[in-house]
Amino acid sequence: HHSMSASLAPVKRRAPAKGASPALTRKKVTLERILGTTTTRNAAFCVHPKSEYVAYVAGCVVVIYNLKKNVQTRFFKGTKAISFVCFNITGKYLAAGESGKQPGVLVWDTDTGAQVAELKGHKFGLACGAFAPNSKYLVTVGVQHDATVMVWDWKAGAVVAANRVSSEVHGISFSEDGSYFVTVGVRHVRFWYMDSINHFSSSSSSTPRTYYTQAHNTHERMQRYNDKYVTFINSNMHTGIPMWSVR
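In what follows, the accompanying structure is described. The structure presented is a predicted model; accordingly, all values stated were derived computationally and were not measured. (Residues numbered from 1 in each chain as written. Predicted model: local features only at pLDDT ≥ 70, side-chain atom pairs only at ≥ 80, totals over all residues. Heavy atoms only, no water.)

**Considerations on the sheet that holds strand β6 (residues 82–87)**
Spelled out, the test is: What makes two strands pair is DSSP finding at least two bridges between them. Only runs of H or I of at least four residues qualify as helices and only runs of E of at least two qualify as strands under DSSP, and these elements are numbered from the N terminus. Orientation is described by lines fitted to C-alpha atoms, with helices fitted over the stretch in contact, and by angles between N-to-C directions that extend from 0 to 180 degrees.
Reading across the sheet, the 4 strands line up as β6-β7-β8-β9 and stay open at both edges, with antiparallel pairing between neighbours. The sheet terminates laterally at β6 and β9 (115–120), the two strands that pair on one side only. Each strand axis lies, on average, 20° off the axis of its neighbour in the sheet, ignoring direction. Examined bridge by bridge, β6 and strand β7 (residues 93–98) share 5 bridges and lie antiparallel to one another.

Shown next as structure tokens:
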């Protein structure tokens, strides 16, 4: 019989390569805390773009949590289970999408706590949403049975553009100049161009450009908070949001 002592021997740590930055060799990733949540969707968590707050879903409630003080500071309540949350670029407005039939998209003023809009248009639950960089428009995407992407002039309460989406969508993000946005989901990454606010188009036709990927059941998103990265991976087996920091 062969001895297994060699395979079980402790591994010696290699010395840093010559010329390597001492700061880089000392950094390590540590798990700070885990926030409990009632959803497996990655869109049910959002980092405030300007401060130490994060928003996450707990049933029909959106919880605002202070990272530095480790306390819940505010709650926003919907009438149905919430499926996604997102801040606008300044963090003044928070949008949340509901689950179930005839769901609403709710928008709150985070300074006053007042609900400033309720948008109705999707037939089934919401999957994700995002504000445009100018905060005038809000894009929402329905779950697979809804299969609709909508662009809202949310302060006016009006749908200014809409289209069908054939694949299940898990995330959405705008370009910096707001000229297009990207949806990502099961086996696809799709670019939606807003050449005219009355319709979506790619650079050559009315069909959005699509790239197919091998992503299936695991969804990952990374958001930046000041000089740290907050990363989480959600799948059907996860019911918590791990929060990591780079030191």
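**Description of the pairing of strand β11 (residues 137–142)**
For the record, the criterion: Partly exposed residues are those whose accessible area sits between 20% and 50% of the maximum for their type, while under 20% is buried and over 50% is exposed, using a 1.4 Å probe and protein chains only.
Taken across its 6 residues, β11 has 6 buried, putting it largely inside the fold. Across the two faces of β11 the burial is the same, with Tyr 137, Val 139 and Val 141 and Leu 138, Thr 140 and Gly 142 all buried. Where strand β10 (residues 126–131) meets β11, 5 bridges bridge the pair, whose relative direction is antiparallel. What sits directly across from Cys 128, in β11, is Val 141. What sits between β10 and β11 in their antiparallel hairpin is a turn of 5 residues, with Ser 135 showing a positive phi close to 65°. In this structure, β11 lies alongside strand β12 (residues 148–153), joined through 5 bridges in antiparallel fashion.

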